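# Working through the structure, step by step
Chain by chain, the residues:
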Amino acid sequence: MTGFPQVAHAGFLNDAEKEMVEAVLTARLIRGEPLLGPDELRVDPTAWMKGLAEAASELRRHLLDRLRAGELERGQELLGLMDDVYDALVVVDYPDALTSGLRRTLDALRAVLERTRGDVTTTVLQTRLQRAIEDAGAPDGSTARD
């Protein structure tokens, strides 16, 4: 795009790069594959950081699906990935003009992360309670899961 600076700096190319990064990194996070960096994806570092933050937010959907399927450990792993992404990006300390609103994107990720943490906690506690009730209700002293 060096021959077309009006296009390269108009903003919509950066948005398209961010969306592509989000899609690629979401899939890689879900599959447990190493993340590709901005150079490997041939995108602007700012678009990469914002795409990574949005990929972490997208993990919420997959995480909730895993919880509904009873896969608590996988849900907790995904929450850990979301935390890791937030922790890595929150230390980026550059003016908003250079990061194209990364701080706002991270604020949104933090909100998603906190809601997700609450959902995981609630599901874990409900599962423990359900198991305790099942174990207490077994008439012969064995656990209901035996």
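Procedures and definitions
Residues numbered from 1 in each chain as written. Predicted model: local features only at pLDDT ≥ 70, side-chain atom pairs only at ≥ 80, totals over all residues. Heavy atoms only, no water. Helix = DSSP H or I, 4+ residues; strand = E, 2+ residues; numbered from the N terminus. Polar contact = N/O pair within 3.5 Å; in protein donor to acceptor, adjacent residues only side chain to side chain. Contact = heavy atoms within 4.5 Å. Expected span 1.5 Å × (residues − 1). Buried < 20%, exposed > 50% of the residue type's maximum accessible area, 1.4 Å probe, protein only. Arc of directions from axis to C-beta. Axes fitted to C-alpha atoms, helices over the stretch in contact; angles between N-to-C directions. Parallel < 35°, antiparallel > 145°, perpendicular 65-115°, else oblique. Left-handed = near helix turned anticlockwise from the far one by under 90°. Nonpolar A, V, L, I, M, F, W, Y, C, P; charged D, E, K, R; others polar.

### Digging into the side chain of T46
Assignment of secondary structure puts T46 in helix α4 (residues 45–68). Polar side-chain contacts of T46 include one of 3.2 Å to the backbone oxygen of L98. Once you skip the residues sitting within four places of it in the chain, T46 turns out to touch L98, T99 and S100.

### Quick notes on helix α5 (residues 72–90)
Side chains of residues three or four places apart in an α-helix project in the same direction, reflecting 3.6 residues per turn. Between its terminal C-alpha atoms α5 stretches 27 Å, which fits the 27 Å expected from 19 residues at 1.5 Å a residue. The set of residues buried in α5 consists of L72, G75, L78, L79, M82, V85, Y86 and L89. Down the axis of α5, the buried set is contained in an arc of 140°. They therefore lie on one face. Residues of α5 that are buried sit in contact with α4 and α7 (102–136).

### What about the packing of α4 against α5?
At a closest axis distance of 9 Å, the pairing of α4 and α5 adopts a crossing angle of 165°. Taken together, the axes of α4 and α5 are roughly antiparallel relative to one another. In this structure, α4 crosses over α5, and the sense of that crossing is left-handed. Residues M49, L52, A53, A56, L59, R60, H62, L63, R66 and L67 of α4 touch α5, and the partners they reach there are L72, R74, G75, L78, L79, L81, M82, V85 and L89. Here the contact of α4 with α5 is composed, by residue class, of 14 nonpolar, 2 polar and 3 charged.

Function cannot be read off these values alone, since they describe shape.
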